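# Coordinate inspection notes
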Amino acid sequence: MEQPISVTRSNFNDWMVPVFAPANFIPVRGEGSRIWDQENKEYIDFAGGIAVNALGHAHPVAVNALTEQATKLWHVGNGYTNEPVLRLAKQLTENTFADKVFFCNSGAEANEAALKLARKVGLDSGVAGKSGIVAFNNAFHGRTLFTVSAGGQPKYSQDFAPLPNGINHVAFNDLEAAKAAINEQTCAVIVEPIQGEGGVIPADIEFLKGLRALCDEFGALLIFDEVQTGVGRTGSLYAYMNSGVTPDILTTAKALGGGFPVGAMLTTDKFAPHFSVGTHGTTYGGNPLASAVAGAVFEFINTPEVLEGVKHRHQYFLDALNILNAEYQVFDEIRGQGLLIGCVLKAEYAGKAKDITTWAGEEGLLALIAGPNVVRFTPSLIIPEQDIDEGIARLKRALAKLAK
Ligand SMILES: *Cc1c(COP(=O)(O)O)cnc(C)c1O
């Protein structure tokens, strides 16, 4: 066989559109919660591909599902349905509030579908001008023009004006502000149960309950963006299950495929028929390969053992992080649920989150940021305790550099 083309990190700058600034090493192989780079240096993975690799790397359940399906049928297009997608739809509807599912390939597409469905429901209501969307400051919903406009970080949208209009942003966790913004012309409220990219900020349960009541009062759809919080990340299958608040639409992606791109919009029999044949679509969404992997990953995660294990690991992480923090005094607060954990830097270290992840990389640890002041961990849901211990030891060396 011919040798593959030899590539280095500097080739990224040569050939890639520069929207990312990847680390200065290239991972080439992974197993469980460890990966190795081109120099065969080993890293503990506390990043999990940004809350995606729920079973870590190369988990046999996912590998078997993928390779088995790979020899059968990859793609047929949505002129035909397929067995893996129907099985996955059955799993998602049987285990959540939802009755119907629309499949796509990413979180942004799931939210795009959710917002379009809400606009369509608003139109079909016959109430004039029922197209308003209420969203929250600091939110993140993806990078399509509609979803980046719904997101509450103008730095991601302002360069692409004119933006879709009718989207109103108010302060997160401020029910009075939401009350002032939601009215008869509102077709949807979109919210993350925990703002992920925005800094790992949990929504107050009273806030979510209040949004539910306001949506009911004004006939608006409540959309939970669970792209980051879904599929076991918080220790429940979906985070809405922790709050006692049921949305009308839920979006899920990231961990759903365990690393294979897939997304979904879940909704009820009441709203699904507003999308009729031809009103929305996708080429790849629900393709057999993605669906087979997602089905296997979902089945593996949706067990009491795995979900309880996430809660246990949360406490294990927190205990270890608190011990580190007692020594180095760098974090003001450690927050989040399950294995979505944010460490908020003290004011004196403001803006240093990126430096910490760079130093962590040097020490052999993959970690994330969530804004300039929060270090975020979203590891595999089944990361072994010994890998947590080793990762924390490496984090300790990175924090020592900061404290210097
Ligand atoms: C990552 C994320 C998205 C976007 O998902 P993509 O797959 O990158 O399009 C949307 N919403 C939330 C809450 C996310 O964390």
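Residues numbered from 1 in each chain as written. Predicted model: local features only at pLDDT ≥ 70, side-chain atom pairs only at ≥ 80, totals over all residues. Heavy atoms only, no water.

### Observations concerning the sheet that holds strand β6 (residues 167-170)
Pairing within the open sheet is mixed, and its seven strands lie in the order β4-β12-β11-β10-β7-β5-β6. Each having just a single partner strand, β4 (100-104) and β6 make up the two edges of the open sheet. When the angles between neighbouring strand axes are averaged without regard to direction, this sheet yields 20 degrees. Two strands pair when backbone bridges link them, and strand β11 (residues 249-252) and strand β12 (residues 263-267) are joined in this way by four bridges, in the antiparallel orientation. Within β12, the position partnered with threonine 251 by the bridge is methionine 265. Here helix α9 (residues 205-218) sits on the sheet in contact with β5 (132-136), β7 (186-191) and β10 (221-225), set at roughly 165 degrees to β7. (Pairing = 2+ DSSP bridges. Helix = DSSP H or I, 4+ residues; strand = E, 2+ residues; numbered from the N terminus. Axes fitted to C-alpha atoms, helices over the stretch in contact; angles between N-to-C directions. Contact = heavy atoms within 4.5 Å.)

### Some details on helix α14 (residues 385-403)
For α14, with 19 residues, the first-to-last C-alpha span of 26 Å sits near the 27 Å given by 1.5 Å per residue. Looking only at α14, the buried set comprises Asp387, Ile388, Gly391, Ile392, Arg394, Leu395, Ala398, Leu399 and Leu402. (Expected span 1.5 Å × (residues − 1). Buried < 20%, exposed > 50% of the residue type's maximum accessible area, 1.4 Å probe, protein only.)

### Description of the sheet that holds strand β16 (residues 368-369)
Strand pairing in a sheet relies on backbone hydrogen bonds, with the paired strands running either antiparallel or parallel. Read across the open sheet, the four strands follow the order β13-β14-β17-β16; overall the sheet is antiparallel. Strand pairing shows two members of the sheet lacking a second neighbour, β13 (331-337) and β16, which therefore form its edges. Bridge analysis of strand β14 (residues 340-345) against strand β17 (residues 374-377) gives four bridges, and the strand direction is antiparallel. Counterpart to valine 344 in the pairing with β17 is valine 374.

### Remarks on the UniProt feature "modified residue: N6-(pyridoxal phosphate)lysine" (unreviewed entry) in the protein chain
On the UniProt side, "modified residue: N6-(pyridoxal phosphate)lysine" (unreviewed entry) is annotated at positions that read Lys254 here. Following the sequence through the fold, lysine 254 ends up in the loop between β11 and β12. Non-local contacts of lysine 254, meaning those with residues more than four positions away in its chain, are made with Ile50, Ala51, Val52, Glu197, Val227, Gln228 and Val262. (UniProt positions renumbered as here; feature names shortened; annotations may be inferred.)

### Here we look at the site of the ligand
With respect to spatial proximity, 13 residues lie near the ligand, and among them Gly107, Ala108, Asp225, Gln228 and Lys254 are the closest. Here a nitrogen atom of the ligand sits 3.2 Å away from a polar atom, N or O, in the main chain of phenylalanine 140. Side-chain polar atom of glutamine 228 to an oxygen atom of the ligand: 2.7 Å apart, as the coordinates give it. Protein contacts shield 82% of the accessible area of the ligand, which totals 380 Å² for the unbound molecule. A per-element tally of the shell around the ligand places helix α5 (residues 107-124) first, with three residues. Residues belonging to the shell around the ligand are distributed by class as follows: three nonpolar, six polar and four charged. (Near = heavy atom within 4 Å. Polar contact = N/O pair within 3.5 Å; in protein donor to acceptor, adjacent residues only side chain to side chain. Areas by Shrake-Rupley, 256 points an atom, 1.4 Å probe, with all protein chains shown as cover. Nonpolar A, V, L, I, M, F, W, Y, C, P; charged D, E, K, R; others polar.)

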